[in-house]
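In case you want the letters, here they are:
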Amino acid sequence: MRLSYRECIGTDRIDRSLWASRFWVGGTGNWDQSTTTNWSASTGGAGGASVPVAADDVFFDVNSGTGTCTITASAPCRSLQSSGSSIATLVHNASVTGTIGDATAAAGNIALDLSGFTTYTLGSVTTSAISFISTSATVQTVNFASKTTGNVTFNASSNGSWQYTGTHTTSGDITMTKGTLDINGQTVTASQFKGTSGSLKNITLGAANITLSGNSIPWDFLLGGGTFTSNTATITFTGAGPTMQGAALTFSAGSTVVFNGSGTPIINAAFNFANLTRTGTAVKTSQFRFNNNITVTGTLTLAGNSAINRLLVLSNTVGTARTITNTGATMTWSNVDFQDITLSTAFDASAITGNSGDCGGNTGITFTTAATQTWSGTSGGNWSANAWTSRVPLPQDDPLLSSAFSASQTVTADMPRLGKSIDWTGATGTPTWSFGSVANSIYGSITLISGMTISGTQALTLAGRSSFSLISNTKQYTQAVSITAPSGTYSLNDAFSTAGNLTLTMGTFNAVTFNVTCLVFVSNNTNVRSLTMGTGTWSFTTTATADIFNVTSGGNFTFSGASAIMVVSNASANLRTFRGSGLTYGTLTYTVAGSTGGLDITGANTFTTINFSDVTNARTLRFEQATTTVTTFNVNGTSGKNMTVTSSVAAAHTLT
């Protein structure tokens, strides 16, 4: 007869051989061996006992000898204890989950103790898994003893309570599905620490040091009505762009959350932090993004790496501010810029180390006073070079590239935020403005000169939040240009041309009376936008299968285009599409010679004129199922070179 540990502890003399226990008795073998050579019912006893089952406490002790035990298949047990063992290695094969626990507490209330193993070897950092499934309400200890494990799950169907007593390192995840877990001040390293199920969970951290290296969502907890106590723990995120989400937890006074990895860490819930730190890395693109309002009661530390490797703190939605409730908190900032951030209690950041940058949409922050920065270099170089009046331009500074450009200098826009209004007036020679390093944002106007050249393909965003102008002086941009300017207006002072796409994401674009040239024009979102196409000619240059004009109308879109001329300007064998969203337009012309590609027009649009012809090729003009109104319809083919007018779907289209 095999008695449980609990049935034995009441006797005057405990006979360990009567426990529901299994002991490894030396040598090398598999946990699930068919011969059972290495399993004994007593410490140091003879082999031949059955392989452990879920109700057994498993021991590797001083009588287990040396060798290797390999877990090759399912390895259920009530507990796994190795304290004092001299066995060399426990090998945990890939795709094998060791389940620990049953309805009663383990011997000595120890669920796991790996301290006796010299080596714990994984077949896989993720699938060599351990799952704690005890349903006993008794607190059971877990000692990983600095061994590196695979994925670990705490998954009790009811009750279940565990407490760490040693350091835990895993290249995989720690998942809590249900139960109570006390990290007990231990040092823990994992990819993720999460509990996404809605089941009840109680979590206590103590003075733990938890490091999470995951790049995706390393923290994601729903408590299901349970409790979270962070005590004085420090949680450090080291991955590239990690997201912290789940329940809007409140962190205890004295606890600290630190983000010091690369990319853009994201706060995706209304957490109440004690101390929160974001330390930027040695790159110019470090960010810290808030998808929700947060509270900081202790110290908010925002530190860019340097005056040029600056940190940008921003809302996830341009034009929608996120609030940091900071009443009573200490602000420790350096080398940091802000966009769409509101502080509940005002803070003067004008003289912080490395200055503070204002990208717009901020409230409650006093920024470093704007100052015109004049380029003084004579041999070109990077925008981030020490060649300005007093500093590399902040987002609120006006960069002036003028008389110093008396030769053929090249300045590379290697800062993601170049400044406010950039003016090349006064520069002589043939300077080059290169966009070949990082995507760039400008927060004001741009004035180019005719003698200069633009090169590079990094995207340019016009992000000003007032009224600004674009003066091109015949120069063509070589990259995609996006207008993302909530409450801002960009108006042309002369013809505008880009070899890339032109996108209106937010704000107002007014072409006035000037021509616009771009691959395609896009404004197909639901943000507040206003487009005035003016009286000039819009030329779409793409030769790819593409939407040459793509807008989404609605309550947030104000449009005026009845006086503009729109031209498909380059020959191509590919289909181009005009997505007009049921608005009123001036003239649409597709008459470029030698172009066999068709043109699709979608939406119940109104045109003053449609010109569609080619004397050398046949091609097709298609309308989708709707009604198109046209005042002048110039569709002309020649003998044997027909222009076909049809519907793009198997349904009638009304052409009025």
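What comes next concerns the included structure.

**Topic: the overall build of the protein chain**
Link 1 in the chain: When helices and strands are counted, the protein chain shows one helix and 67 strands.
Link 2 in the chain: Taken along its principal axes, the extent of the C-alpha atoms in the protein chain is 105 × 65 × 45 Å.
Link 3 in the chain: Counting all 656 residues of the protein chain, 53% fall into the buried class.
Link 4 in the chain: If you take every contact in the protein chain between residues at least 6 apart in sequence, the share linking residues at least 24 apart comes to 45%.
Link 5 in the chain: When the accessible surface of the protein chain is totalled, it reaches about 23,400 Å², and 49% of it is carbon and sulfur.

**Quick look at a nonpolar patch on the surface**
Link 1 in the chain: On the surface, Phe-633, Val-645 and Leu-655 cluster together to form a nonpolar patch covering roughly 210 Å² of accessible area.
Link 2 in the chain: Structurally, the position occupied by Val-645 is in strand E66 (residues 643-647).

**Comments concerning the environment of Thr-609**
Link 1 in the chain: In this structure, Thr-609 sits in strand E63 (residues 606-613).
Link 2 in the chain: Classification of Thr-609 as buried rests on a relative accessible area of 12%.
Link 3 in the chain: It is 64 Å that separates the C-alpha atoms of Thr-609 and Ser-199, two residues lying 410 residues apart in sequence.
Link 4 in the chain: Among all residues touching Thr-609, those that are not within four sequence positions of it are Gly-586, Thr-587, Leu-588, Val-630, Thr-632 and Asn-634.

**Some thoughts on the layout of surface pockets**
Link 1 in the chain: Computed from the structure, the largest pocket encloses a volume of approximately 360 Å³.
Link 2 in the chain: Along its surface, the largest pocket is lined by 19 residues, and Gln-287, Leu-312, Ser-441, Tyr-443 and Thr-461 are the ones closest to its centre.
Link 3 in the chain: For the lining of the largest pocket, the secondary-structure elements that each account for two or more residues are strand E33 (311-315), strand E46 (440-442) and strand E51 (481-492).
Link 4 in the chain: Its residues assigned to classes, the lining of the largest pocket shows 10 nonpolar, seven polar and two charged.
Link 5 in the chain: Estimates place the volume of the second largest pocket at around 160 Å³.
Link 6 in the chain: Along the wall of the second largest pocket there are 13 residues; nearest its centre are Asp-358, Gly-360, Gln-396, Lys-420 and Tyr-443.
Link 7 in the chain: Among the residues making up the lining of the second largest pocket, the classes are represented as six nonpolar, four polar and three charged.

**Things to note about the side chain of Ser-441**
Link 1 in the chain: Tracing the chain through its elements places Ser-441 in strand E46.
Link 2 in the chain: Overall, the relative accessible area of 16% leaves Ser-441 in the buried class.
Link 3 in the chain: Discounting chain neighbours no more than four positions away, the residues touching Ser-441 are Pro-416, Arg-417, Leu-418, Gly-419 and Thr-461.

**Side note on the pairing of strand E18 (residues 187-190)**
Link 1 in the chain: Side chains Val-188 and Ala-190 project from E18 onto a buried face, and the interleaved Thr-187 and Thr-189 project onto a face without burial.
Link 2 in the chain: Of the pairings in the sheet, the one linking strand E16 (residues 168-170) to E18 comprises two bridges and is parallel in character. Paired with Thr-169 across the bridge in E18 is Thr-189.

**Concerning the pattern of salt bridges**
Link 1 in the chain: Here the structure, examined in full by the defined rule, presents 11 salt bridges.
Link 2 in the chain: For Arg-78, the salt bridge goes to Asp-57, with nearest N and O atoms at 3.4 Å. One end of the pair, Arg-78, is in the loop between strand E5 (68-71) and strand E6 (79-81); the other, Asp-57, is in strand E4 (residues 57-59), with 21 residues separating them in the sequence.
Link 3 in the chain: Across the pair Lys-284 and Asp-414 runs a salt bridge whose closest N-O atoms are separated by 3.9 Å. Of this pair, Lys-284 sits in the loop between strand E29 (275-279) and strand E30 (287-290) while Asp-414 sits in the loop between strand E42 (410-412) and strand E43 (417-419), placing them 130 residues apart in sequence.
Link 4 in the chain: According to the relative accessible area criterion, Asp-414 is buried, its value standing at 4%.

**Topic: the pairing of strand E26 (residues 256-259)**
Link 1 in the chain: Residues Thr-256 and Val-258 point to one face of E26 and Val-257 and Phe-259 to the other, with burial holding for every one of them.
Link 2 in the chain: Relative to E29, E26 runs parallel, the two sharing four bridges. Along E29, the bridge assignment pairs Val-257 with Leu-276.

**Points about the sheet that holds strand E34 (residues 322-325)**
Link 1 in the chain: Here five strands make up an open sheet; going across it, the order is E28-E31-E34-E36-E38 and the pairing parallel. Two strands bound the open sheet, and with one partner strand each, they are strand E28 (272-273) and strand E38 (363-366).
Link 2 in the chain: Here E34 runs beside strand E36 (residues 341-348); their pairing, made up of three bridges, is parallel. Bridge pairing in E36 places Ile-324 opposite Leu-343.

**Notes on empty space enclosed by the protein**
Link 1 in the chain: Applying the stated criterion to the full structure yields one cavity of 30 Å³ or more.
Link 2 in the chain: Each pocket or cavity is described by its volume, and for the largest cavity that value is around 90 Å³.
Link 3 in the chain: Considering the residues around the largest cavity, the lining is formed by 13 residues, among which Ile-71, Leu-80, Gly-98, Ile-100 and Ile-130 are closest to the centre.
Link 4 in the chain: For the lining of the largest cavity, the secondary-structure elements that each account for two or more residues are strand E7 (89-92) and strand E8 (96-100).
Link 5 in the chain: Residues that form the lining of the largest cavity fall into these classes: 11 nonpolar, two polar and no charged.

**Concerning the packing of aromatic side chains**
Link 1 in the chain: Applying the stated rule across the entire model yields 47 aromatic pairs.
Link 2 in the chain: Taken together, a centroid distance of 5.1 Å and an interplanar angle of 80 degrees make the contact between Trp-375 and Trp-388 edge-to-face. Here Trp-375, found in the loop between strand E39 (373-374) and strand E40 (381-382), pairs with Trp-388, found in the loop between E40 and strand E41 (399-400); they are 13 residues apart in sequence, far enough to count as distant. When sorted by exposure, Trp-375 lands in the same class as Trp-388, which is buried.
Link 3 in the chain: Judged by centre distance (6.0 Å) and plane angle (80 degrees), the rings of Phe-509 and Trp-538 are edge-to-face. You can see Phe-509 sitting in strand E53 (residues 502-510) and its partner Trp-538 sitting in strand E57 (residues 537-540), a full 29 residues away along the chain.
Link 4 in the chain: Classification of Phe-509 as buried rests on a relative accessible area of 1%.

Rules behind the numbers
Residues numbered from 1 in each chain as written. Predicted model: local features only at pLDDT ≥ 70, side-chain atom pairs only at ≥ 80, totals over all residues. Heavy atoms only, no water. Helix = DSSP H or I, 4+ residues; strand = E, 2+ residues; numbered from the N terminus. Buried < 20%, exposed > 50% of the residue type's maximum accessible area, 1.4 Å probe, protein only. Contact = heavy atoms within 4.5 Å. Areas by Shrake-Rupley, 256 points an atom, 1.4 Å probe, with all protein chains shown as cover. Patch = residues over 30% accessible without salt bridge, like charges linked within 9 Å, V, L, I, M, F, W, Y side chains within 5 Å. Salt bridge = Lys/Arg side-chain N within 4 Å of Asp/Glu carboxyl O. 1 Å grid on protein atoms, 1.4 Å probe; cavity = no way out; pocket = protein on both sides within 12 Å on 5 of 7 lines; lining within 4 Å. Points joined across faces, edges and corners; volume = space filled by probe spheres on them. Nonpolar A, V, L, I, M, F, W, Y, C, P; charged D, E, K, R; others polar. Pairing = 2+ DSSP bridges. Phe/Tyr/Trp six-rings, centres within 6.5 Å; stacked < 30°, edge-to-face > 60°.

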